[in-house]
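Here is what each chain is made of, one letter per residue.
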Amino acid sequence: MADVGAQEKKPVPLDEKYYSNITPEDIAFLKSETGIDDDETLKRHILAVQAEAYKVHPYTCIRILSFTQTLISKIPPYDHLLKLGRERKDAIFIDVGCCFGADLRRAVADGYPVENVLGTDLHPEFWKLGYELFNSPHESFPVPFVAGDVLNPSHLQVVPPFYDAVKTPVPDLKSLTSLNPLHGHVSAIHTSSFFHLFTEEQQLAIARGLASLLSPQPGSMIFGFHVGKPEKGILDRARLSYDMFCHCPESWTAMWDEIFEKGTVRVDAKLQEITLDNIAFELGLSPGHSAPKFWVLRWSVTRL
């Protein structure tokens, strides 16, 4: 579920009703990862971790428990990601805005080499809570994590995309304190429920930063999803308590075509309308307002 209420000024209280958002597929994955088979015990475990995470930052994705869902496996480029992991030697895969690391755990469980995986997020507390959520010691999931702000050059400096073989050595992922040593070395970057947290200008800056990391090898890709619109602009600005800039498929494609040289990438972007239960309550709309429409933009940028 996209994080449509990330900028709420007053946190909405937690409500167990959102436990039903977790799909049977993800419940099965959580059981396999945590070793907790009893449904009620698992529920109490998840809700306890949720409460701790909500104290870190009251993101909507925490409140509606979407952080438990391995949404990456439901995005079309996922099969290509796993293929990269199988066929390309040392194919580095980064999850930007990884939160608890559920998507990384899903990819590793499905065969992506764990030694080539890296998580990054602004809040290191979420990553630590991920080990609690999945009931696992660090040695059972030895994936490095780098905390940082993708808009801060000390964490991710924008440089032009690479079109030739990178001359710098591939760094040891466990030694990283920022993403900058990875410029031009990353085979796949996933980021979901993330871009819509930022302004149009910030989204462009982040996209340029991610493009700096991407390997010039054909098939390297950046992919994910976030809230979009049929026409780019602020989403229902007159009725929401916060501004959310959203791209449409055409403007999203144009942005990446501006970043990369013409003919060097293929951009796929598709819009899907979604239904959110109790959306008026979630967004803090006053009584009598109808729930606004929401769309998810699913996309990938692939090197040719």
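What you see is a predicted model; the values in this text were computed from it and never measured. (Residues numbered from 1 in each chain as written. Predicted model: local features only at pLDDT ≥ 70, side-chain atom pairs only at ≥ 80, totals over all residues. Heavy atoms only, no water.)

Caption draft 1: Expanded view of helix α8 (residues 249-259). For α8, the set of buried residues is P249, S251, W252, M255, W256 and I259. Here the buried face of α8 lies against α7 (200-213), β5 (221-228), β8 (265-274) and β9 (294-303). (Buried < 20%, exposed > 50% of the residue type's maximum accessible area, 1.4 Å probe, protein only. Helix = DSSP H or I, 4+ residues; strand = E, 2+ residues; numbered from the N terminus. Contact = heavy atoms within 4.5 Å.)

Caption draft 2: Inspection of the pairing of strand β1 (residues 92-96) at higher detail. Judged by how many residues are buried, β1 sits mostly within the fold: five of five residues are covered. The alternating pattern of β1 places I92, I94 and V96 and F93 and D95 on opposite faces, both of which are buried. By the bridge criterion, four bridges tie β1 to strand β4 (residues 186-190) in an arrangement that is parallel. The residue bridging D95 from the neighbouring strand is H190, located in β4. The pairing of β1 with strand β2 (residues 117-121) spans four bridges and is classified as parallel. Of the residues in β2, the one forming a bridge with F93 is V117. For the segment spanning β1, helix α5 (residues 102-109) and β2, crossover handedness is right-handed. (Pairing = 2+ DSSP bridges. Right-handed = clockwise from strand over helix to strand, strands pointing away.)

Caption draft 3: Inspection of the side chain of T70 at higher detail. Structurally, the position occupied by T70 is in the loop between α3 (60-63) and α4 (78-87). You can call T70 buried: its relative accessible area is 0%. Side chain to side chain, T70 and D26 meet in a polar contact 2.7 Å long. Residues in contact with T70, not counting those within four places in the same chain, are D26, F29, A102, D103 and R106. (Polar contact = N/O pair within 3.5 Å; in protein donor to acceptor, adjacent residues only side chain to side chain.)

Caption draft 4: Highlighting the pairing of β9. The element β9 is largely enclosed, with a buried count of nine among its 10 residues. Relative to β9, β5 is paired through eight bridges, and the arrangement is antiparallel. The residue of β9 that forms the bridge with M221 is T302. Pairing of β8 with β9, which is carried by 10 bridges, proceeds in the antiparallel orientation. Looking across to β9, one finds that L271 is bridged to L297.

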